[in-house]
Amino acid sequence: MSLKWSVSEGTWISSVCSMCYGGCSIRVKVVDGAVRKIEGNPDSPLGSGRLCAKGTSGIMTLYDPSRINYPLKRTNPEKGKGIDPGWERISWDEALDIIAQKMKKIHQDDPRKLFCMGTTTCASMMRNSVRSFTVSFGTPNFFSGGGGLHCGNGAHQVAGQTHASWSIVPDFDYCNYVIYFGASKGHAAGHAGNANAQLVSDARSRGMKMVVVDPLGFQGAAAKATEWVPIIPGTDTALAIAMVNVLINELGIYDAEFLKYKTNASYLIGPDGKYVRDTASGKPLVWDANAGEPKGYDDPAGDLALEGSYEVQGVKSRPAFDLLKEHVRKYTPEKAEEITKIPARTIRRIAREFGEAAQIGSKIVIDGHELPYRPVSTIYFRGAQGHKNSLYACIAIDTLNFVVGAADMPGGTLGFCPAGLGHPETGRPAFYPKAGLDGLLVAGMWMSPHTPYPIREPAQPRTMGLGEMFPFALSSPFMVSSDQEEMWEKIGLPYRPEMILDHGSNPIMSVGNDETVINSVKKIPFIVVSELYLNEFTDFADIVLPDTCYLERLESAPNHPPILNHPAGMGRWGWPIRQPAIKPLYERRDFAEVLLELAKRIGISSNYYATLNLMQGIESPYRLEMEGDYTWEEVCDRQLKSHFGEEKGLEWFKKHGLISWPKKAEEVYWRAFTNARAPIYWEFILTAGEKVGPIAQKYGIDFVESYFKPLPEWNPCCSHEVKDPEFDVWGIYYRDIMHTNSFTMQNVWLDEASTRDAYIYYINLNKSTAARKGIKDGDWICLESVKGRKVWGKANLSEAIHPEVLAVAGCTGHWSKDQPIARAKGTFFNALLEIDYEHASPANLNLDNCVKLKVYPSAPEDKGGVERA
Ligand SMILES: Nc1nc2c(c(=O)[nH]1)N[C@H]1C(S)=C(S)[C@@H](COP(=O)(O)OP(=O)(O)OC[C@H]3O[C@@H](n4cnc5c(=O)[nH]c(N)nc54)[C@H](O)[C@@H]3O)O[C@H]1N2
Ligand SMILES: Nc1nc2c(c(=O)[nH]1)N[C@H]1C(S)=C(S)[C@@H](COP(=O)(O)OP(=O)(O)OC[C@H]3O[C@@H](n4cnc5c(=O)[nH]c(N)nc54)[C@H](O)[C@@H]3O)O[C@H]1N2
Ligand code: SF4
Ligand SMILES: [Mo]
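Being a predicted model, the structure only gives us computed values, none of them experimental. (Residues numbered from 1 in each chain as written. Chains lettered and ligands numbered in written order. Predicted model: local features only at pLDDT ≥ 70, side-chain atom pairs only at ≥ 80, totals over all residues. Heavy atoms only, no water.)

Asks: Mind laying out the overall build of the protein, listing which residues take part and the relevant values?
Replies: The helix and strand tally for the protein stands at 26 helices and 33 strands. Relative to a compact globule of 869 residues, whose C-alpha radius of gyration would be 29 Å, the protein shows 26 Å and is just as compact. In terms of principal-axis extent, the alpha carbons of the protein reach across some 80 × 70 × 60 Å. Counting only residues that meet the buried cut, the protein has 66% of its 869 residues in that class. Charged side chains in the protein number 93 positive and 103 negative. The centres of these two groups are separated by 2 Å. (Helix = DSSP H or I, 4+ residues; strand = E, 2+ residues; numbered from the N terminus. Rg over C-alpha atoms; globule rule 2.2 N^0.38 Å. Buried < 20%, exposed > 50% of the residue type's maximum accessible area, 1.4 Å probe, protein only. Lys, Arg positive; Asp, Glu negative; His and termini not counted. Charge placed at Lys NZ, Arg CZ, Asp CG, Glu CD.)

Structural data, given as structure tokens:
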């Protein structure tokens, strides 16, 4: 095979990147059966031909000599950090026999003893296959490692309840003023990677102002911002509530029309904090100011009151907005300054700029529809939400959008594509948010069958994660926490996990300190991992299966559902497929095929097909028949035909790569076209708390009432409660564009670029802080937590970082000898994070990702090979 080739040779194959979950469309050049180049696909709205460094470097992940190529069986029964598993190559048949035998036994005994995992890095694969398999096996125990606990328990739930979507993003085409709260959408990370990068840079060129609230100014969105506002980690809630206060109480800026008809701001609240309901219908009541009487919230009313006090059904009641208005008064900018260390005058100015830029009352015509024009947006993501107080952080930040009427209106804050009317020829896939219980918003499409609203009814826990008593949690630390056994004993969990089936997640690195996770996974007798690489977690596995990477894999729905990874805003819909650019190398086998085979061997195929039909939206006549026997190709073919018609099955998609059609204003600005309301008063958090409290009390688990109020409060993280003055710096991590979680440090191109970068493999801290501590640029330093956990790394000094904060990029610091490129590069920050209930949100179990540290010069024995370029 010659390494020389010309652009005219070979073929371009359309597919979808999976070096992160960003879902950008790609074209892969294949010459002589080998991948030579990857480019962005200019024909797709999912990236418009753009590609990041990780996407370009995927070729080195495909051909990495450290990849796993054959099924492996452990020969050393002893498990521990640094202990060689003694891998032995076995055949696929033997591997599947061993696994199926174990699983059959568990399935007959108690399916809940199987604990499935999947990596967020392969988000679509996780949803399309792994979750479906978990459900069909009959186990409720699913875990996505650090996913959810770091990035989504607040963000996804709240976005689901307010925007019917997994996440939120500015309407870049029309937005004039955006505030980012710890998010890098369109910059270093986040959903719809390159599509947003293009949209945000076009918006900035057009003059969009970008205010970025972030402890770091040297990277991501902050580095491109009009204004960088450094903040103390975990305090965004206080800032956002203070801004709501300035808008409503100091400036009187709010969109009354929007609040009255698109939110529950007008619902009457009684002295018990709950909706005052019509005695006959049970519907929440509003006050009709024209008629001077209460009405059902959905009665055609004259003019709904937002303020005042009304005697209704013998009780004094006030519109929810009136309570919000009073509630936020105590968050003065001065009080927020104490918490966030952002000057009160800055808070006032930004709130005013935001309020004025909203142009409340203005209109715009799009696609023939006259719509409200609100060219302002506030968004959050992992940074602001990555804390114990994530639920209220997301609520408080989003409240700003609702106060000025900018939620899902032109120029405002959009959910990622929560409404679709389907392809013009078939009307599919179709999904639309609608009004549900109490008139509040129910998502038309979700990542799992249970939509975020109405919330799950709090109940006695019977799952490993205790999710039943935490109805706002999507993921739970108790799957691997230090207090896991204590919690299970308290609730009387009637079983213990006997097997893990993992697709790619590396919880030993991604959740928190490795000691805790290792103690937990060591107790599990049988662990199977489908991976690209051997790593810190596979050291504890019994069988490792060689997976295909995305360049060797088929997926019919890599960007579906669009609430995850499709650019919002007007433009076009795109539905690409992920298809193998080359046949799988060696004995690598697609895990989707492995799951179909396992289902067959265990005898659960009919369940699996039924779940696939449900989760993939496969409708008649293409539904998988219970008694059928399908390959993964056939499943993909049926899904595509079900959505796009008989002519457009897998063969059509293999040839064309994707299907694309124009978006409609009714889809993008769906909120203007529905009567669904979003909560600005979170009555259902209060009522959930009333049910969670007694359950917690029954089992002797702390119930923290301050997390169950209907209006957001700033609750401190554990790091804010550290009083020892020696621990004077907050430690956080952030994502660099060059790396994905713990995955990409083994990629030789990305590593080469990273070793030449001033920040990626370093501990970044402020020059003045370093000077105070006698630390010079390039010095070895130690970070120590109050729990005595320590890590080391080299210092990089910058002025563009909050003086009380230090930061580490990505999830670096691998120690697996099987990843020779990644090994000992950077610092394993998560070693400093605790994993227990104390460090998790009592409302949604989100983990605290910030930690208070003592920092001092100190060289470790093993310098880990990190040398400054
Ligand atoms: N310090 C730090 N900690 C973090 C984060 C961080 O940025 N920094 N991010 C947090 C967040 S938000 C998340 S979501 C989690 C993510 O946490 P995880 O999902 O547990 O971990 P990842 O690092 O994304 O996934 C890593 C594994 O996926 C494997 N992988 C990649 N592609 C494939 C594939 O196609 N097939 C298979 N079988 N395996 C594959 C890689 O080889 C790698 O070992 O980590 C959280 N923890
Ligand atoms: N390049 C790249 N892209 C990715 C990933 C990746 O690992 N690398 N991972 C994917 C995944 S799993 C996820 S969840 C998304 C995450 O996407 P983002 O949420 O955009 O990523 P982060 O860099 O973790 O966090 C964003 C910013 O929050 C800041 N921050 C940290 N703590 C705080 C805080 O308390 N308050 C405020 N205001 N800011 C804070 C960080 O400095 C950082 O600049 O990205 C996805 N895309
Ligand atoms: S942003 Fe993510 S999905 Fe897009 S090209 Fe980069 S690595 Fe691939
Ligand atoms: Mo994530």
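Asks: Please provide a residue-by-residue account of the sheet that holds strand β1 (residues 11-16), values included.
Replies: Sheets are built from strands that pair by backbone hydrogen bonding, the pairs being arranged parallel or antiparallel. Taken in spatial order, the three strands make up an open sheet running β1-β2-β3, and their pairing is antiparallel. Of all strands in the sheet, those with a lone pairing partner are β1 and β3 (34-40), marking the two edges. If you compare each strand with its neighbour and ignore which way they point, the axes differ by 30° on average. Across six bridges, β1 lies against strand β2 (residues 25-31) in antiparallel orientation. Residue pairing for β2: Trp 12 is matched across the bridge by Lys 29. (Pairing = 2+ DSSP bridges. Axes fitted to C-alpha atoms, helices over the stretch in contact; angles between N-to-C directions.)

Asks: Now, about the site of ligand 3: what can you tell me, with residues and values included?
Replies: Neighbouring ligand 3 are Cys 17, Met 19, Cys 20, Gly 22, Gly 23, Cys 24, Leu 51, Cys 52, Lys 54, Gly 55, Gly 193 and Asn 194. Looking at the shell around ligand 3, the elements that each hand over two or more residues are α1 (53-56) and α6 (193-206). Considered class by class, the residues forming the shell around ligand 3 number six nonpolar, five polar and one charged. (Near = heavy atom within 4 Å. Nonpolar A, V, L, I, M, F, W, Y, C, P; charged D, E, K, R; others polar.)

Asks: Any details on the site of ligand 2? Residues and values, ideally.
Replies: Contacts to ligand 2 come from 31 residues, most closely from Asp 214, Asp 236, His 387, Arg 735 and His 739. One of the side-chain N or O atoms of Arg 382 is found 2.8 Å from an oxygen atom in ligand 2. Within the contact set of ligand 2, an oxygen atom lies 3.4 Å away from a backbone nitrogen or oxygen of Gly 383. Mapped by element, the contributors of at least two residues to the shell around ligand 2 are α13 (382-385) and β28 (729-734). Grouping the constituent residues of the shell around ligand 2 by class yields 15 nonpolar, ten polar and six charged. (Polar contact = N/O pair within 3.5 Å; in protein donor to acceptor, adjacent residues only side chain to side chain.)

Asks: Describe the pairing of strand β26 (residues 572-576), naming the residues involved and giving the relevant values.
Replies: Of all five residues making up β26, four are buried, and the element is well covered by its neighbours. Inspection of the sheet shows β26 paired to strand β27 (residues 658-662) by five bridges, in the antiparallel sense. If you follow Arg 572 over to β27, its bridge partner there is Pro 662.

Asks: Just give me the short version of helix α12 (residues 344-357), but keep the residues and values in it.
Replies: Across its 14 residues, α12 extends 20 Å between first and last C-alpha, which sits within 8% of the 20 Å expected from 1.5 Å per residue. Considered for burial, the residues of α12 that qualify are Ala 344, Thr 346, Ile 347, Ile 350, Ala 351, Phe 354, Gly 355 and Ala 357. Among the residues trailing α12, Gln 359 stands out with phi positive, at a value near 50°. (Expected span 1.5 Å × (residues − 1).)

Asks: Quick one: what's the story with the packing of helix α3 (residues 92-109) against helix α19 (residues 591-602), residue by residue and with numbers?
Replies: Contact geometry of α3 with α19 gives a least axis separation of 9 Å together with a crossing angle of 55°. The pairing of α3 with α19 is recorded here as oblique in orientation. When the axes of α3 and α19 are compared, the crossing they make is right-handed. Of the residues in α19, those in contact with Trp 92, Asp 93, Leu 96, Asp 97, Ile 99, Ala 100, Met 103, Lys 104 and His 107 of α3 are Val 594, Glu 597, Leu 598, Arg 601 and Ile 602. The residue inventory of the contact of α3 with α19, partitioned by class, reads eight nonpolar, one polar and five charged. (Parallel < 35°, antiparallel > 145°, perpendicular 65-115°, else oblique. Left-handed = near helix turned anticlockwise from the far one by under 90°. Contact = heavy atoms within 4.5 Å.)

Asks: So, the nonpolar core: which residues are in play, and what are the values?
Replies: Side chains of nonpolar character tend, in soluble globular proteins, to be buried together. Counting 109 residues, the largest nonpolar core has Ile 179, Tyr 180, Phe 181, Met 243 and Tyr 380 as the members making the most contacts within it. The contact partners of Ile 179, leaving out residues within four places of it in the chain, are Val 211, Val 213, Met 243, Ile 350, Phe 354, Ser 377, Thr 378 and Ile 379. Ala 419, Leu 554, Trp 575 and Leu 595 belong to the second-largest nonpolar core, a separate cluster that totals 68 residues. (Core = buried A, V, L, I, M, F, W, Y, C linked by side-chain atoms within 4.5 Å.)

Asks: Quick rundown of the pairing of strand β19 (residues 376-380)? Include the residues and the values.
Replies: A regular strand carries its side chains on alternate faces of the sheet. Buried residues dominate β19, accounting for five of its five residues. As judged from the five bridges shared by strand β9 (residues 177-181) and β19, these two strands associate in the parallel manner. Residue pairing across strands places Val 178 opposite Ser 377, the latter belonging to β19.

Asks: Requested: an account of the state of the cysteines, with residues and values cited.
Replies: Enumeration over the complete set of coordinates arrives at zero disulfides. The closest cysteine sulfur to the non-disulfide-bonded Cys 549 is located on Cys 122, 9.5 Å from its own sulfur. With no disulfide of its own, Cys 717 has Cys 850 as its nearest cysteine by sulfur position, at a separation of 4.0 Å. Residue class for Cys 717 comes out buried when judged on its relative accessible area of 0%. (Disulfide = S-S within 2.5 Å.)

Asks: An account of unusual backbone geometry is requested, with residue identities and associated values reported.
Replies: The amide bond that connects Arg 428 to the next residue, Pro 429, takes the cis arrangement and shows omega of -5°. For Pro 429, the position within the fold is in the loop between β20 (413-415) and β21 (434-435). In this chain, His 560 is followed by Pro 561 through a cis amide linkage whose omega measures 0°. With respect to the helices and strands, the residue Pro 561 is situated in the loop between β25 (543-546) and α18 (562-565).

Asks: Pulling in residues and values, what's your account of the side chain of Ser 390?
Replies: Structurally, Ser 390 can be placed in helix α14 (residues 390-403). Given the relative accessible area of 0%, Ser 390 is considered buried. Separated by 2.9 Å, the side chains of Ser 390 and Asn 844 make a polar contact. In this structure, Ser 390 is in contact with Asn 153, Gly 154, Gln 385, Asn 844 and Asn 846, ignoring residues within four places of it in sequence.

Asks: Before we move on, could you go through the packing of helix α11 (residues 333-340) against α12 and cite the residues and values that matter?
Replies: Contact geometry of α11 with α12 gives a least axis separation of 8 Å together with a crossing angle of 115°. Helix-helix and strand crossings are classified by hand; for α11 and α12 the assignment is right-handed. Each of Pro 333, Glu 334, Ala 336, Glu 337 and Thr 340 in α11 lies in contact with α12, whose residues at this interface are Ala 344, Ile 347 and Arg 348. Looking at the contact of α11 with α12 residue by residue, the class counts come to four nonpolar, one polar and three charged.

Asks: I'd like a rundown of the packing of aromatic side chains, residues and numbers included.
Replies: For any pair of aromatic rings, the description rests on two quantities: the centre-to-centre distance and the angle between the ring planes. Within the structure shown, the criterion is met by 28 aromatic pairs. On the numbers, 5.9 Å between centres and 65° between planes, the contact of Phe 644 with Trp 661 is edge-to-face. Placement of Phe 644 in helix α21 (residues 632-644) and of Trp 661 in strand β27 is noted, with a sequence separation of 17 residues between them. Trp 661 carries the same exposure label as Phe 644, and that label is buried. Taken together, a centroid distance of 6.0 Å and an interplanar angle of 70° make the contact between Tyr 733 and Phe 829 edge-to-face. With Tyr 733 in strand β28 and Phe 829 in the loop between β32 (805-809) and β33 (851-857), the pair connects residues that are 96 residues apart, well separated along the chain. (Phe/Tyr/Trp six-rings, centres within 6.5 Å; stacked < 30°, edge-to-face > 60°.)

Asks: Which residues make up the pattern of salt bridges, and what values do they have?
Replies: Between side chains of opposite charge, a pair can form when the charged atoms approach closely. Under the criterion given, the structure shown has 55 salt bridges. Salt-bridge contacts for Arg 601 lead to Asp 97; the nearest nitrogen and oxygen are separated by 2.7 Å. Note that Arg 601 is positioned in helix α19 and Asp 97 in helix α3, a separation of 504 residues in sequence. Among the charged side chains, a network of salt bridges with common partners joins Asp 547, Arg 553, Glu 555, Arg 578 and Asp 590. (Salt bridge = Lys/Arg side-chain N within 4 Å of Asp/Glu carboxyl O.)

Asks: I'd like a description of the sheet that holds strand β23 (residues 499-503), backed by residues and values.
Replies: Spatially, the seven strands line up as an open sheet ordered β5-β4-β25-β24-β23-β6-β7, and their pairing is mixed. Of all the strands in the sheet, the pair left with one neighbour each is β5 (88-89) and β7 (142-143). As defined by bridge partners, strand β4 (residues 72-73) adjoins β25 across two bridges and the pair is classed as antiparallel. Following the sheet pairing, Leu 72 is matched in β25 by Val 544. Here α3 sits on the sheet and contacts β4, β6 (114-118), β23, β24 (526-531) and β25; the angle it forms with β25, its principal contact strand, is near 125°.

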